[in-house]
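What follows is each chain in one-letter form.
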Amino acid sequence: MSWRIAIVGRPNVGKSTLFNRLTGRRRALVDDTPGLTRDRREGAGKLYDLRFTLIDTSDSLMGRMREQSMRAVADCDLALFVIDARDGITPQDEHFARLLRKAGKPTLVLANKAESNKTDYAVAEAAGLGLGQALAISAEHGDGLSDLHSVLRPMAPEGCIVE
Ligand code: GDP
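Residues numbered from 1 in each chain as written. Predicted model: local features only at pLDDT ≥ 70, side-chain atom pairs only at ≥ 80, totals over all residues. Heavy atoms only, no water.

A. Structural detail: the site of the ligand. Contacts to the ligand come from 17 residues, most closely from Asn12, Thr17, Ser58, Glu115 and Glu140. A distance of 3.2 Å separates an oxygen atom of the ligand from a polar atom in the backbone of Val13. Residue Gly14 places a main-chain N or O atom 3.0 Å away from an oxygen atom belonging to the ligand. Within the complex, 80% of the 580 Å² of free accessible area of the ligand lies under protein. Per element, the largest residue contribution to the shell around the ligand is 3 residues, and it comes from helix α1 (residues 15–23). (Near = heavy atom within 4 Å. Polar contact = N/O pair within 3.5 Å; in protein donor to acceptor, adjacent residues only side chain to side chain. Areas by Shrake-Rupley, 256 points an atom, 1.4 Å probe, with all protein chains shown as cover. Helix = DSSP H or I, 4+ residues; strand = E, 2+ residues; numbered from the N terminus.)

What follows is the structure, encoded as structure tokens:
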């Protein structure tokens with residue numbers, strides 16, 4: 001069976017970077033031409049012994065991205081909600097948090113860009129989003145991935161852990 005994990009969050013928090021890291025892809029060329037439909041990206045994700053289908057909801061147009069995100073969340077088993085640890089919680093993050101709480105899907109908050117050590121505040125602040133404790137990661141540098149693995153592994157459906 002497939003374990004569907006959606007990556008959601010406002011623009012520029014690092015969703016595509018995380019998608020690329022977990023699918024082993026290179027940075028995709030993002031087409032920012034307004035009005036051009038960019039298909040929701042899906043890929044085979046891998047984190048140590050875990051296998052899953054990863055859905056990226058990045059889009060240059062905020063409205064379209066929100067719509068896409070909600071569809072992806074409705075259709076996933078788990079949402080990875082990415083925030084930018086350097087910015088702290090923004091009103092847009094709060095908006096996404098509300099939508100995610102309403103959707104009621106298991107959600108893991110990832111405080112990305114946490115390679116600097118000035119991001120503890122954002123991680124603490126993220127607890128106030130009502131979606132549980134945030135995990136500090138750096139999608140670009142690959143930090144925090146073993147912590148992510150530790151949290152994800154107990155949630156993995158049968159067949160999504162390989163020997
Ligand atoms: P998206 O719009 O949420 O998909 O964000 P992107 O993946 O396109 O990333 C937005 C910007 O943040 C890019 O310039 C990335 O290189 C940068 N970025 C992503 N992850 C990290 C990270 O872990 N640390 C830092 N410092 N920058 C990052």
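B. A look at the environment of Gly45. Mapped onto the fold, Gly45 is located in strand β2 (residues 41–47). The exposure class of Gly45 is buried, given its relative accessible area of 4%. For the pair Gly45 and Ile55, spaced 10 residues apart in the sequence, the C-alpha separation amounts to 9.1 Å. Those residues in contact with Gly45 that lie beyond four places of it in its chain are Leu22, Thr23, Leu50, Arg51, Phe52 and Leu54. (Buried < 20%, exposed > 50% of the residue type's maximum accessible area, 1.4 Å probe, protein only. Contact = heavy atoms within 4.5 Å.)

C. Highlighting the packing of aromatic side chains. Applying the stated rule across the entire model yields 1 aromatic pair. Here the aromatic rings of Trp3 and Phe52 are separated by 6.0 Å at their centres, their planes lie at 90 degrees, and the arrangement is edge-to-face. Placement of the pair is Trp3 in the segment before β1 (4–8) and Phe52 in strand β3 (residues 50–56), with a sequence separation of 49 residues. Each member of the pair, Trp3 as well as Phe52, is classed as buried. (Phe/Tyr/Trp six-rings, centres within 6.5 Å; stacked < 30°, edge-to-face > 60°.)

D. Spatial organisation of unusual backbone geometry. Unusually for a residue other than glycine, Asn12 sits at a positive phi of about 75 degrees. Among the secondary structure elements, Asn12 is positioned in the loop between β1 and α1. Under the relative-accessibility criterion, Asn12 is labelled exposed at 67%. Look at Lys113: it is not a glycine, yet its phi comes out positive at around 65 degrees. Relative to the helices and strands, Lys113 is located in the loop between β5 (107–112) and α4 (120–126).

E. Highlighting helix α5 (residues 145–152). Of all the residues in α5, the buried ones are Leu145, Leu148, His149 and Leu152. Along α5, the residues classed as buried sweep out an arc of 100 degrees about the axis, all on the same side. As for α5, its buried residues are in contact with α1, β2, β3, β4 (78–84), β5 and β6 (135–136). (Arc of directions from axis to C-beta.)

F. Representation of helix α3 (residues 91–103) in the model. Over its 13 residues, α3 extends 18 Å from the first C-alpha to the last, a length consistent with the 18 Å expected when each residue adds 1.5 Å. Here α3 has its buried residues at Asp93, Phe96, Ala97 and Leu100. Down the axis of α3, the smallest arc covering the buried residues is 105 degrees, so these residues share one side. Among the exposed residues of α3, those oriented more than 90 degrees off its buried face are Pro91 and Lys102. If you follow the buried residues of α3, they end up packed against β1, α2 (62–74), β4 and β5. Positioned one or two residues after α3, Gly104 has a phi angle of 70 degrees, which is positive. (Expected span 1.5 Å × (residues − 1).)

G. A look at the pairing of β2. Where β2 and β3 come together, 7 bridges link them in antiparallel fashion. Considered in β3, the bridge of Leu47 is made with Leu50. Counted between consecutive antiparallel strands, the loop separating β2 from β3 contains 2 residues, among which Tyr48 sits at a positive phi close to 50 degrees. (Pairing = 2+ DSSP bridges.)

Note that every value here comes from positions in space, so none of it alone points to a role or purpose.
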